[in-house]
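# Summary of structural features
So you can see what is in the structure, the chains are spelled out below.
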Amino acid sequence: MGKGRGGHSLEKHKVRGVALVSALITAVIVLIVLTGLYFLLSRLFESSEAVRTYSSAREAAVSGVNYAITTDVFDRIVYNQPCPDGNPPCPTSGPLTYNCCCTLKLNFRLKGSTNLFDNTVRVCFAGYKPPSGYLITGVAYSKLGNKGFIFSIISDVTDPQNVHNARIEAVYTP
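Residues numbered from 1 in each chain as written. Predicted model: local features only at pLDDT ≥ 70, side-chain atom pairs only at ≥ 80, totals over all residues. Heavy atoms only, no water.

All right, on to the pattern of salt bridges then. Per the stated rule, a full pass over the model turns up 3 salt bridges. Asp 156 serves as the salt-bridge partner of Arg 167, at 3.6 Å between the closest nitrogen and oxygen. Of this pair, Arg 167 sits in strand 5 (residues 166–172) while Asp 156 sits in strand 4 (residues 149–158); the two residues are 11 residues apart in sequence, bridging distant segments of the chain. By relative accessible area, which is 27% here, Asp 156 ends up partly exposed. The partner of Glu 169 in a salt bridge is Arg 167, with the nearest N and O atoms 2.9 Å apart. With a relative accessible area of 57%, Glu 169 lands in the exposed category. Put simply, Asp 156, Arg 167 and Glu 169 are held in one network by salt bridges that share partners. (Salt bridge = Lys/Arg side-chain N within 4 Å of Asp/Glu carboxyl O. Helix = DSSP H or I, 4+ residues; strand = E, 2+ residues; numbered from the N terminus. Buried < 20%, exposed > 50% of the residue type's maximum accessible area, 1.4 Å probe, protein only.)

Summed over the entire model, instances satisfying the criterion amount to 3 disulfides. Between the sulfur atoms of Cys 101 and its disulfide partner Cys 124 the distance amounts to 2.0 Å. Between Cys 101 and Cys 124 the sulfur-sulfur dihedral comes to about 115 degrees; the bridge is accordingly right-handed. Linking Cys 101 in strand 2 (residues 101–110) with Cys 124 in strand 3 (residues 117–128), this pair joins segments that are 23 residues apart in sequence. The exposure class of Cys 101 is buried, given its relative accessible area of 11%. Among the cysteines of the chain that take part in disulfides, numbered as they appear in the sequence, the pairing is 1-5, 2-3, 4-6. (Disulfide = S-S within 2.5 Å.)

Right, here's the structure in full:
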């Protein structure tokens with residue numbers, strides 16, 4: 001009966017604080033990893049800056065189109081809500097027409113320059129085409145959300161000296 005308990009003793013373990021020390025070591029390692037990620041995002045990729053820095057005016061213009069796509073500007077135009085600059089998108093409070101546009105103003109920097117440049121992004125309602133796969137009955141039908149709406153996006157980048165200019169035009173259907 002004593003053979004089965006050969007390697008065990010009744011004395012208490014003399015190692016104390018192992019959990020505390022391992023938790024502290026783990027916390028330091030996690031802190032180092034998070035600091036490295038912050039450095040990568042803020043310094044190398046420059047993604048945490050309030051004013052983005054681009055390597056070319058064309059890259060800034062493309063980013064303006066991408067920015068317009070990720071905002072709620074399409075809903076503002078469709079439902080005739082004020083644009084981000086405070087102006088109404090449609091000239092009248094009537095139905096959605098081809099004159100309904102919103103203008104977004106973005107600032108950016110180019111690499112190697114400390115000057116701020118302007119990116120003007122104009123989003124306009126361009127038309128409606130029923131998406132394929134949606135049943136249309138009769139002449140009166142209801143549109144679901146922004147499905148089938150076609151918008152034009154024009155991103156113009158200019159600097160005060162007119163040295164760096166770019167224009168990107170896109171058609172977007174949400």
